[in-house]
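# Fold and geometry: a report
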Amino acid sequence: MTELLAVALITVLAVVAPGADFAMIVRNSYLYGRRTGLLAATGVAAGVLVHVTYTMLGVGLLIASSTVLFTLIKLTGAAYLIYIGVRTFRTRGEVEVDLTGKTELTPLAALRAGFLTNVLNPKTTLFVVSTFSQVVSPGTALRQQLGYGLFMSLAHLLWFGVVAVFFSHDRMRTLMLRGQKVLNKVIGSALAGLGVSLALAPSH
């Protein structure tokens, strides 16, 4: 139960922390409307599953081959959580989004934009790897690990779906960005705290 809550908490915090995926969804929703934003959010969620797949396979092999290397990956993941937490906390201005160069996006192009944004996003890569290497026990059933991966993907879909709905209306843009400033402080503190506690926690 503790593992489940930890995965859920880290996932939620990592998803709502601002990054390239957030900026992309904001831009597409603001410029092209709700449908395009929701399709891009679906692409983002699909991209998460790519990271989950190779991480589940890789972490298992890593545990079997090198305890030292696995520990190093865990500490790197914890350092990442602390880094992204501090960076998020210190974010003062609004998220910068390029709203120039409006061109039509087909449904496939919107899906591809979201998918590639998260597949190539270091923030998502490190979030998934650090969660599976630090929080998920090597003895956790494969079915449960798959459930964690699906939850990560669904959390991205739901959050960025909400972002797409908000930013498809002009009047909501300022409201959500203003609220993001306060949210950054809370998210940053929580992520940094989790990173410290995970770094100090004994290995599985």
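Residues numbered from 1 in each chain as written. Predicted model: local features only at pLDDT ≥ 70, side-chain atom pairs only at ≥ 80, totals over all residues. Heavy atoms only, no water.

## Here's the deal with helix 1 (residues 2-16)
Note the cut-off: Here a strand is any run of E in DSSP of at least two residues, a helix any run of H or I of at least four, and the numbering for each starts at the N terminus. A helix's residues, less one, multiplied by 1.5 Å, set its expected span. Buried residues are those whose accessible area, probed at 1.4 Å on protein chains only, stays under 20% of the maximum for their type, while exposed residues exceed 50% and partly exposed ones sit between those limits.
For helix 1, spanning 15 residues, the distance from its first C-alpha to its last is 22 Å, which sits close to the expected 21 Å at 1.5 Å a residue. Those residues of helix 1 lying buried are Glu3, Val7, Ile10, Thr11, Leu13, Ala14, Val15 and Val16.

## Considering the side chain of Glu3
Rules: Polar contact criterion, stated in full: a pair of N or O atoms within 3.5 Å, where within protein one must be able to donate a hydrogen and the other to accept it, and residues adjacent in sequence count only if both atoms are side-chain atoms. Here a residue-residue contact requires only that any non-hydrogen atoms of the pair lie within 4.5 Å.
As for its position among the elements, Glu3 is in helix 1. Within the structure, Glu3 has its side chain in polar contact with the side chain of Tyr148 (distance 2.7 Å). Ignoring anything within four residues of it in the chain, the contact list for Glu3 reads Val135, Val136, Ser137, Thr140, Gln144 and Tyr148.

## As for the packing of aromatic side chains
Stated formally: Aromatic rings from Phe, Tyr and Trp, with only the six-membered ring used for Trp, were paired whenever their centres fell within 6.5 Å, and each pair was classed as stacked if the ring planes differed by under 30 degrees, edge-to-face if by over 60, and tilted otherwise.
Counted according to the given criterion, the structure contains one aromatic pair. Ring geometry for Phe22 against Phe167: centres 6.3 Å apart, planes inclined by 90 degrees, an arrangement best described as edge-to-face. One end of the pair, Phe22, is in helix 2 (residues 20-32); the other, Phe167, is in helix 7 (residues 142-167), and 145 residues separate them in sequence. Phe167 shares its class with Phe22; the two are buried.

## Some thoughts on the packing of helix 1 against helix 7
Relative orientation and spacing of two packed helices are given, respectively, by the angle between their axes and the distance between those axes. Cut-off, in case you're wondering: Fitting a line to C-alpha atoms yields each axis, with helices limited to the stretch in contact; the angle taken between N-to-C directions then spans 0 to 180 degrees. Angles below 35 degrees are treated as roughly parallel, those above 145 as roughly antiparallel, those between 65 and 115 as roughly perpendicular, and all remaining angles as oblique. Here a crossing is called left-handed whenever its near helix is offset anticlockwise from the far helix by less than a right angle, and right-handed whenever the offset is clockwise. Charged means Asp, Glu, Lys or Arg here, nonpolar means Ala, Val, Leu, Ile, Met, Phe, Trp, Tyr, Cys or Pro, and polar covers whatever is left, Gly included.
The geometry of helix 1 relative to helix 7 is characterised by a closest axis approach of 10 Å and an angle of 30 degrees between their N-to-C directions. Judged on the interaxial angle alone, helix 7 and helix 1 are roughly parallel. Between helix 1 and helix 7 lies a crossing of right-handed hand. In contact with Glu3, Leu4, Val7, Ala8, Thr11, Val15 and Val16 of helix 1, helix 7 contributes Gln144, Tyr148, Phe151, Met152, Ala155, His156, Trp159 and Phe160. Residue composition of the contact of helix 1 with helix 7, by class: 11 nonpolar, three polar and one charged.

## Quick look at the side chain of Thr55
Tracing the backbone shows Thr55 in helix 3 (residues 34-65). For Thr55, a relative accessible area of 3% corresponds to the buried category. In this view, Thr55 contacts Val128, Val129 and Phe132; residues no more than four positions away in its chain are not counted.

## Quick notes on the packing of helix 6 (residues 122-134) against helix 7
Two elements in contact, helix 6 and helix 7, have axes whose closest approach is 12 Å; the angle formed by their N-to-C orientations is 150 degrees. Taken together, the axis directions place helix 6 and helix 7 in an arrangement best described as roughly antiparallel. Considering only the axes of helix 6 and helix 7, their crossing is right-handed. Of the residues in helix 7, those touching helix 6 at Phe127, Val128, Thr131 and Phe132 are Gln145, Tyr148, Gly149, Met152 and His156. Split by residue class, the contact of helix 6 with helix 7 holds five nonpolar, four polar and no charged.

## Here's the deal with the nonpolar core
What counts here: Side-chain atoms within 4.5 Å link the members of a nonpolar core, which is a set of buried Ala, Val, Leu, Ile, Met, Phe, Trp, Tyr and Cys residues.
Ranked by internal contacts, the top residues of the largest apolar core, which has 15 residues, are Phe22, Ile25, Trp159, Phe160 and Val163. Contributing elements (two or more residues each) for this core: helix 1, helix 2, helix 3 and helix 7. With six residues, the top contributor of residues to this core is helix 7. Counting 13 residues, the second largest nonpolar core, distinct from the first, contains Ile10, Val48, Val52 and Val135.

## A word on the confidence of the model for the protein
Note: predicted coordinates in regions of low pLDDT should not be interpreted at a detailed level. As a reminder, the rule being used: Per-residue confidence from the prediction method is given by pLDDT, with values spanning 0 to 100.
Looking at the protein as a whole, its pLDDT mean stands at 79, while 74% of the residues score no less than 70. Per-element mean pLDDT across the protein ranges from 69 in helix 8 (residues 170-200) up to 93 in helix 7.

## Quick word on the environment of Ala199
Relative to the assigned elements, Ala199 resides in helix 8. Given a relative accessible area of 32%, Ala199 falls into the partly exposed group. Separated by 121 residues in sequence, Ala199 and Ala78 place their C-alpha atoms 5.4 Å apart. In this structure, Ala199 is in contact with Leu75 and Ala78, ignoring residues within four places of it in sequence.

## Some remarks on a nonpolar patch on the surface
Rule in force here: Note that patches include only residues with greater than 30% relative accessible area and no salt bridge, and the join distances are 9 Å for like charges and 5 Å for nonpolar side chains (Val, Leu, Ile, Met, Phe, Trp, Tyr). Here the open area of atoms and residues is found with the Shrake-Rupley method and a 1.4 Å probe, where only the protein chains shown may cover a residue. By convention in these notes, a salt bridge is any Lys or Arg side-chain nitrogen within 4 Å of a carboxyl oxygen on Asp or Glu.
A cluster of nonpolar side chains, namely Val50, Tyr54, Phe115, Leu116 and Leu120, defines an oily patch on the protein surface of about 440 Å² accessible area. Sorting the residues of the nonpolar patch by element identifies helix 3 and helix 5 (107-119) as the ones contributing at least two each. Examined against the element boundaries, Leu116 turns out to sit in helix 5. For Leu116, a relative accessible area of 39% puts it in the partly exposed group.

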